[in-house]
Amino acid sequence: QGIPHHLLDVANPKRKFTVSQYQKLALSTIKKIHNKGKIPFLVGGSGFYIKSIVDGIIIPEVKPDWKLRKKLERKSNKDLYKMLFKIDWERAKSIDKNNPRRLIRALEIVLKTKKPITKLVTEKQFDVLQIGVNKSQNEIKKLINARLLKRLKKGMISEVKKLRESGLSFKRLEELGLEYRFVAQYLQKKITYQEMVDNLKKEIEHFVKRQMTWFKRNNRIKWIKNYRESEKLVKI
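So, here's what we can say about the structure. None of these values were measured; they are calculated from a predicted model.

So, about the overall build of the chain. Summing up its helical and strand segments, the chain has 12 helices and 2 strands in all. Along the chain direction, N to C, the helices and strands of the chain fall in the order α-α-α-α-α-α-β-α-α-α-α-α-β-α. For 236 residues, the compact-globule formula gives about 18 Å, and the C-alpha radius of gyration of the chain, at 19 Å, lands near that figure. For the chain, buried positions account for 36% of its 236 residues. The contacts of the chain with a sequence gap of at least 6 include a subset with a gap of at least 24, amounting to 63%. Total accessible area on the chain is roughly 16,000 Å²; 53% of this is exposed by carbon and sulfur atoms. Side-chain charges in the chain split into 58 positive and 24 negative, and the spacing between the mean points of these groups amounts to 1 Å.

Next up, the structure:
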């Protein structure tokens, strides 16, 4: 609709893509937009990725510790999440607790730096207006359901099939996130189509609930109910 979008198709699914890589790409893109005299909208999603930009989090270049990773890989997702929550509860609140790769990487950074990831901050780089859309739990559930069914209809399963055909293992597909995990399980005939849909709805609802809890703790977010309210905030 005439609005340029940035950072689409910038990551190779065969390779790991970290918040550090995202941060570098996002800051570079923001600079280019500012140079044109425009104001960028950072829209999402993952609270920690947003925080890495607006709060200037320093993502340490921690090299993989394969010995530590092997040790952590023996633990269940539940135990990994408990460990992370204990030493960096803020990061835990914004992470996909069923994604072992992300849990292990977060633990690796905290254990190696001996500091919570969210405490590694520098001076804020931008004057930021943060806006959150306030909806009831019932509205959110309806939107989740509608969005999921639309994505399935638009070809989410065929997308995962193509990624599989391009050489990605089912293990790697399950690492890419919620939707990929359950679609991959369906394609492996581990679950039925309806189980896939039901599991996705349930897990997305849980994930959104955790994300909203995390965002609600941020007292800089201005919560609005409609476009008119957001327009007023922008003009202030």
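Here we take up the pairing of strand β1 (residues 130-133). Only one face of β1 is buried: it carries Gln130 and Gly132, and the other face, with Ile131 and Val133, is open. Where β1 meets strand β2 (residues 221-224), 4 bridges bridge the pair, whose relative direction is parallel. Paired with glutamine 130 across the bridge in β2 is isoleucine 221.

What follows deals with helix α10 (residues 178-187). Burial of α10 is extensive: 7 of the 10 residues sit out of reach of the surface. Taken residue by residue, α10 has Leu178, Glu179, Arg181, Phe182, Val183, Ala184 and Gln185 as its buried positions. Where the residues of α10 are buried, they touch α7 (137-154), α8 (156-165), α9 (170-175) and α11 (193-216). In the stretch just after α10, lysine 189 is the one whose phi turns positive, near 65°.

Once that is clear, we can look at the side chain of glutamine 185. Looking at the element boundaries, glutamine 185 is found in helix α10. When neighbours within four sequence positions are excluded, glutamine 185 is seen to be in contact with Glu174, Lys190 and Ile191.

Turning our attention to the nonpolar core. Grouped together as the largest cluster of nonpolar side chains are 21 residues, with contacts concentrated most on Leu152, Leu173, Met196 and Leu200. Contributing elements (two or more residues each) for this core: α7, α8, α9, α10 and α11. Counting residues in each nonpolar core, the second largest holds 19 residues, with Val19, Ile57, Ile104 and Leu107 among its members.

Cut-offs used in this document
- Residues numbered from 1 in each chain as written.
- Predicted model: local features only at pLDDT ≥ 70, side-chain atom pairs only at ≥ 80, totals over all residues.
- Heavy atoms only, no water.
- Helix = DSSP H or I, 4+ residues; strand = E, 2+ residues; numbered from the N terminus.
- Rg over C-alpha atoms; globule rule 2.2 N^0.38 Å.
- Buried < 20%, exposed > 50% of the residue type's maximum accessible area, 1.4 Å probe, protein only.
- Contact = heavy atoms within 4.5 Å.
- Areas by Shrake-Rupley, 256 points an atom, 1.4 Å probe, with all protein chains shown as cover.
- Lys, Arg positive; Asp, Glu negative; His and termini not counted.
- Charge placed at Lys NZ, Arg CZ, Asp CG, Glu CD.
- Pairing = 2+ DSSP bridges.
- Core = buried A, V, L, I, M, F, W, Y, C linked by side-chain atoms within 4.5 Å.

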